[in-house]
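What follows is each chain in one-letter form.
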Amino acid sequence: MTLVIDSYIHHHKLPLKLKSILVGELFLARKLKYPVYVLSEGLFTPVIGEGSVPTKEQITTLIKGLYREVFLYQEDVESIKSNLESALIKITRSLSVGDPAENGNKGIKLLTLNLNNLYDNPHRDELLIQQFQSTQNLSKFLLENKKLHSQFFKNLGQESFHFTLAQPMLSSMLLLSFLQTTHLFHEREIENLFMTSYLKDIGFSMIPDDKYDAKNLSEKDRQLFTNHADFSFGLLEGRIPLSKTHLNIIKNHHFLNDHIKAIISGQKRIQTQDEMIMGLESTLVAVFDILVAMTSDRPYRQGLTLYQGLEVIKKIMADDYPQEFKALVAFLRHFFKN
Ligand SMILES: [Fe+2]
């Protein structure tokens, strides 16, 4: 009887002691002190025993079982987070040493995992600066390894990251690759636009997790989503070395959304005040964000094909930037040819 009561009390105290991490972060674990749990049908079920190092097979099984998160004791979580931070610093400082394809994939994956930590702790300066510096190093490396862009994009797309984590990197990689192809921008400006695009959704950290995959949102929740660009601006202003111009691109990165809504509902295109003051750079940051969002699946809808996505982009871009739109079509054809 005592055993049953103990087990009952233990079980009901578990949620207070456990913290969640992404399944992929288990790759950073060394020997764990306590078990790893999944939340299954409302109960915490141990899946990896205490005192062990999670194996690749165990982690892959969890990913295949569609578990996004696992739950661990605080002590183990802290050790994994610290391993992740050191691994990220190490790889993004030495991306060009060794096999660039392997390093790039690893760096991109670690950055994406670390972005989740930033969403959990958006006010932690060291975490933000580390993410900024690592992303900046990655942008330089990407500029030096043009041939690997589509491979990196494809590999990240195949990882089972939630869209809030994958989309910033996917849209920014595509943007960087396009900007480099056009030869219209200096490398420094491409780097800055890459950083701008990558950090534009940091305001997602202010939105509760359960809202992302909801099919129907209340008006209040919808407003919360609309405000994420302002949240991003508020979180980044004065904390990272990006110019006012770039921060303003972040603040306004959804300036084309009303347009899209008008197109989808068959209304005529109306140019708003905001749009008139936004330039080519802002348009491109927004366009790649929209393109990646439209062409990827969500829990509540299927993604469009690239062709369908481009039809929408054409309507919001081709009048003001006909040459750039043509260049975009040619670029995407080449980027996704395999
Ligand atoms: Fe956004």
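Residues numbered from 1 in each chain as written. Predicted model: local features only at pLDDT ≥ 70, side-chain atom pairs only at ≥ 80, totals over all residues. Heavy atoms only, no water.

Some words on the packing of aromatic side chains
1) Next: Under the criterion given, the structure shown has 10 aromatic pairs.
2) Next: On the numbers, 6.2 Å between centres and 35° between planes, the contact of phenylalanine 141 with phenylalanine 152 is tilted. A residue pair is termed long-range when its members are at least 10 positions apart, and phenylalanine 141 in helix α5 (residues 125-144) and phenylalanine 152 in helix α6 (residues 149-158) qualify at 11 residues.
3) Next: For phenylalanine 141, a relative accessible area of 2% gives the class buried. (Phe/Tyr/Trp six-rings, centres within 6.5 Å; stacked < 30°, edge-to-face > 60°. Helix = DSSP H or I, 4+ residues; strand = E, 2+ residues; numbered from the N terminus. Buried < 20%, exposed > 50% of the residue type's maximum accessible area, 1.4 Å probe, protein only.)

A look at the coordination of the iron ion
1) Next: Around the iron ion, the protein contributes the donor atoms Asp201 (OD), His228 (NE2), His253 (NE2) and His254 (NE2), at 2.1 to 2.2 Å from the metal centre.
2) Next: Angles of 82 to 166° at the metal separate the 4 donor atoms of the iron ion, which places the site in the irregular class.
3) Next: Between consecutive donor residues of the iron ion, the sequence gaps follow D-x26-H-x24-H-H. Here histidine 228 is found in helix α10 (residues 228-236), whereas its partner histidine 253 is found in the loop between α11 (244-251) and α12 (257-264), with 25 residues between them in sequence. Like histidine 253, histidine 228 is buried. (Donors = N, O, S within 2.8 Å, 3.2 Å for Na, K, Ca; no water. Tetrahedral: all angles 85-135°; square planar, octahedral: opposite > 155°, others 65-115°.)

Quick notes on the packing of helix α14 (residues 280-294) against helix α16 (residues 322-335)
1) Next: Across the interface, α14 lies against α16 with an axial gap of 13 Å and an inter-helix angle of 40°. Handedness of the α14/α16 crossing: right-handed. Every residue of α16 that contacts α14 at Leu280, Val287, Phe288 and Leu291 is listed here: Glu324, Leu328, Phe331 and Leu332. (Axes fitted to C-alpha atoms, helices over the stretch in contact; angles between N-to-C directions. Left-handed = near helix turned anticlockwise from the far one by under 90°. Contact = heavy atoms within 4.5 Å.)

A word on the pattern of salt bridges
1) Next: Under the definition given, this model contains 12 salt bridges.
2) Next: Its salt-bridge partner being lysine 109, residue glutamate 159 comes within 3.7 Å of it at the nearest N-O pair. Within this pair, whereas glutamate 159 is found in the loop between α6 and α7 (163-182), its partner lysine 109 is found in helix α4 (residues 100-120), the two being separated by 50 residues in sequence.
3) Next: According to the relative accessible area criterion, lysine 109 is partly exposed, its value standing at 27%.
4) Next: The salt bridge involving lysine 140 is made with glutamate 191; its shortest N-O contact spans 3.1 Å. Of the two residues, lysine 140 is situated in helix α5 and glutamate 191 in helix α8 (residues 187-199); the sequence distance between them amounts to 51 residues.
5) Next: The network of salt bridges with common partners includes Glu85, Arg124 and Glu126. (Salt bridge = Lys/Arg side-chain N within 4 Å of Asp/Glu carboxyl O.)

In short, geometric facts, not functional conclusions.
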